[in-house]
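Listed below are the residues making up each chain.
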Amino acid sequence: MVRMSEPSPAPAPAVPHRSGFACFVGRPNAGKSTLTNALVGTKVAITSNRPQTTRHTVRGIVHRPEAQLVLVDTPGLHKPRTLLGERLNDVVRTTWAEVDAIGFCLPADQKLGPGDRYIAKELAESRKTPKVAVVTKTDLVDSKTLAGQLLAVDRLAAELGFEWAEIVPVSAVDGSQVQLLADLLVPLLPEGPPLYPDGDLTDEPEQVMVAELIREAALEGVRDELPHSIAVVVEEMTPREGRPADRPLLDVFANIFLERPSQKGIVIGPKGQRLKDVGSRSRTQIEALLGTPVYLDLHVKIAKDWQRDPKQLRRLGF
């Protein structure tokens, strides 16, 4: 059943409290991270128009009087060409096995392709977990195109022998039907008390979030071959000593790792201007995240062919 309008307001909660996990899956660049951020109401996952931006599971927490919905944003499932790609796919499949509901994100502005069918076939094997088809990016298409995509999504499940629990068209950009999606995911969760304290929006360690914000800034405007070669590690985050209590400063030391020396010039830019821009953009985001002024010390280093090297992957946190 396709849902197109907001449900009527629920009566005062005499209903049992529900809590649990739902993950968003889909091929790279299907809008999973943008949707996670829209539902949580703040930025917990980095976004980029580059495919495969997300490299680990990010948990965003949606608090409601009657429920706590923990959203797990996963890397895009794809045909791996490196050891990193294989490990990202393993992360996705492990997550599917542990959640209470799966949201399969399919962009409204792109016809269903082999990548979507590949994921849908794998989802068909996961018989017990309810699956919601989330048709994303509806702000990019007209109503006729959207209707055609909704029918194609419905047929996809029928061809593979399973049923969607719901089919929901949404736009994370203009907010259309985002709350409806949460309304439809909550009943799929088991009854239980909250899993996280009230007010928590993510369980991501601050250092990981800071590293991700730097990587997001570094991804902007780079050549097509570079995004997957960039990794960021925050080595240290310490309050500056001797500062007055009303003027604190946090020192953040981070390294941007690339795979080849030839990539260094691309990230640093002429006279270091690109790296300065990366530092400036990411510092603004880090200060907003942590609520304190930040001194950001960035260095670019080479970790040769790290995407294919098990030792380097471990060192970089994969």
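The residue numbering used here restarts from 1 in each chain and proceeds along that chain's sequence as written. Where local features are concerned, this predicted model is filtered to residues with pLDDT of at least 70; where side-chain atom pairs are given and counted, the filter is 80 or more; whole-chain, interface and lining totals use all residues. Water and hydrogen atoms play no part in the side-chain values, which are based on all heavy atoms of the structure.

A.B. asks: I'd like a description of the overall build of the chain, backed by residues and values.
C.D. replies: Secondary structure elements are taken from DSSP: a helix is a run of H or I of four residues or more, a strand is a run of E of two residues or more, and numbering for both begins at the N terminus. When you go through the chain residue by residue, the secondary structure sums to nine helices and nine strands. The buried label applies to any residue whose accessible area, calculated with a 1.4 Å probe on protein chains only, is under 20% of its type's maximum; exposed applies above 50%, and partly exposed to all values in between. Sorting the 318 residues of the chain into buried and exposed places 49% on the buried side. Of all intrachain contacts in the chain linking residues separated by at least 6 positions in sequence, the fraction that spans at least 24 positions is 72%. As displayed, the chain offers around 15,500 Å² of accessible surface, 52% of which is attributable to carbon and sulfur atoms. Throughout, a contact is declared for two residues whenever any of their heavy atoms are within 4.5 Å. Shrake-Rupley sampling with a 1.4 Å probe provides the accessible areas, and residues are treated as covered by the protein chains on show and by no other component.

A.B. asks: Account for the pairing of strand β6 (residues 166–169), naming residues and giving values.
C.D. replies: Across the two faces of β6 the burial is the same, with Glu 166 and Val 168 and Ile 167 and Pro 169 all buried. When DSSP locates at least two bridges between a pair of strands, those strands are taken to pair. Here strand β5 (residues 131–136) pairs with β6 via four bridges, running parallel. From the neighbouring strand, Ala 133 faces β6, where its bridge partner is Ile 167. Every crossover in which the path from the first strand over the helix to the second runs clockwise, viewed with the strands pointing away from the viewer, is termed right-handed. In the classification by handedness, the crossover that spans β5, the intervening helix α4 (residues 143–159) and the parallel β6 is right-handed.

A.B. asks: Summarise the state of the cysteines; cite the residues concerned and give the values.
C.D. replies: The term disulfide is used for any two cysteine sulfur atoms that are within 2.5 Å. This structure, assessed with the given rule, holds zero disulfides. Between Cys 23, a cysteine without a disulfide, and Cys 105, which holds the nearest cysteine sulfur, the sulfur-to-sulfur distance is 9.4 Å. On the basis of relative accessible area, Cys 23 is assigned to the buried category, the value being 1%. We classify Cys 105 as buried; its relative accessible area is 0%.

A.B. asks: Provide a residue-level description of the pattern of salt bridges, including the pertinent values.
C.D. replies: Salt-bridge detection follows one rule: a side-chain nitrogen of Lys or Arg within 4 Å of a carboxyl oxygen of Asp or Glu. For the structure on display, the rule yields six salt bridges. Between Glu 66 and Arg 64 there is a salt bridge, and its shortest N-O distance comes to 3.7 Å. Taking the shortest distance from any N to any O, the salt bridge between Arg 240 and Asp 251 comes out at 2.7 Å. One end of the pair, Arg 240, is in the loop between β7 (231–239) and β8 (250–258); the other, Asp 251, is in strand β8, and eleven residues separate them in sequence. Of the residues examined, Arg 240 reaches a relative accessible area of 35% and is grouped as partly exposed. Within this structure, Arg 64, Glu 66 and Asp 183 form a network of salt bridges that share partners.

A.B. asks: Help me get a handle on the nonpolar core, residues and values and all.
C.D. replies: Think of a nonpolar core as a cluster: buried Ala, Val, Leu, Ile, Met, Phe, Trp, Tyr and Cys residues, connected wherever their side-chain atoms sit within 4.5 Å. Val 210, Ile 214, Val 234, Val 252, Ile 256, Ile 286 and Leu 298 are the most contacted members of the largest nonpolar core, which totals 25 residues. Elements that contribute at least two residues to this core include exactly α6 (206–219), β7, β8, α8 (273–290) and β9 (294–302). Excluding anything up to four places from it in sequence, Ile 256 contacts Ile 214, Ile 230, Ala 231, Val 232, Leu 275, Val 278, Leu 298, His 299, Val 300 and Lys 301. Counting 23 residues, the second largest nonpolar core, distinct from the first, contains Ile 119, Leu 146, Leu 150 and Ile 167.

A.B. asks: Which residues make up the side chain of Ser 126, and what values go with them?
C.D. replies: Structurally, Ser 126 can be placed in the loop between α3 (114–125) and β5. Residues in contact with Ser 126, not counting those within four places in the same chain, are Ile 102 and Lys 131.

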